[in-house]
Amino acid sequence: MERDAVIVAGFGFRSRATVQSLQGALSAAQVGTPLKPDAAATIRDKAEAPVFLRFAADQNLRPVAIDDADLQRQQTTTQSAASLAARETGSMAEAAALAAAGPGARLIAPRVVSDDGMATCALAQGETT
């Protein structure tokens, strides 16, 4: 069976984030890479937020919900004190991207923050069957 690469954009965002916040974070993460993500991932309790679902639909990205335990198992390259305190991970965006991209995933763009400070995004690449 052939394996295909998958690109996942992981997100962390505040309750006041807008679609533009998420778009801005994604655009910043994509600087220097021509890769377009296949999916948008975030923690389960935010995955049903209307702003996240609207953003994913606008970008034609499959929304992915990540459980707390899966998020906490990921090794992140950046460390946010707020993320550590709230979610027990250094970067919710990086951890969500890595978890959704599957075992053996690698980070291809570390966490970046949107200009308005309301959202973070990171990109990971993995394989799917």
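Residues numbered from 1 in each chain as written. Predicted model: local features only at pLDDT ≥ 70, side-chain atom pairs only at ≥ 80, totals over all residues. Heavy atoms only, no water.

Per-residue confidence for the chain averages 90 on the pLDDT scale, and 94% of its residues sit at or above 70. Mean pLDDT per element in the chain: helix 5 (residues 81–87) is the minimum at 72, and helix 3 (residues 50–58) is the maximum at 98. (pLDDT = per-residue confidence, 0-100. Helix = DSSP H or I, 4+ residues; strand = E, 2+ residues; numbered from the N terminus.)

This part covers the pattern of salt bridges. Applying the stated rule across the entire model yields 2 salt bridges. Between Asp70 and Arg73 there is a salt bridge, with the nearest N and O atoms lying 2.1 Å from each other. Overall, the relative accessible area of 28% leaves Asp70 in the partly exposed class. When its relative accessible area of 55% is taken as the criterion, Arg73 is described as exposed. (Salt bridge = Lys/Arg side-chain N within 4 Å of Asp/Glu carboxyl O. Buried < 20%, exposed > 50% of the residue type's maximum accessible area, 1.4 Å probe, protein only.)

Once that is clear, we can look at the packing of aromatic side chains. Evaluated as defined, the whole model comprises 3 aromatic pairs. Considering the side-chain rings of Phe11 and Phe52, the 6.3 Å spacing of their centres and the 70 degrees angle between planes classify their relative orientation as edge-to-face. You can see Phe11 sitting in strand 1 (residues 4–13) and its partner Phe52 sitting in helix 3, a full 41 residues away along the chain. Both residues of the pair, Phe11 and Phe52, count as buried. Geometrically, the ring pair formed by Phe13 and Phe52 is stacked, given 5.9 Å between the ring centres and 10 degrees between the ring planes. Taken together, the residues span a long stretch of sequence, with Phe13 in strand 1 and Phe52 in helix 3 at a distance of 39 residues. Phe52 matches Phe13 in its accessibility class, with the two residues each being buried. Taken together, the ring pairs connect Phe11, Phe13, Phe52 and Phe55 into an aromatic cluster. In this arrangement the basic side chain of Lys46 is found over the ring face of Phe13, its NZ or CZ atom lying 4.8 Å from the centre. (Phe/Tyr/Trp six-rings, centres within 6.5 Å; stacked < 30°, edge-to-face > 60°. Lys NZ or Arg CZ within 6 Å of the ring centre and 35° of its normal.)

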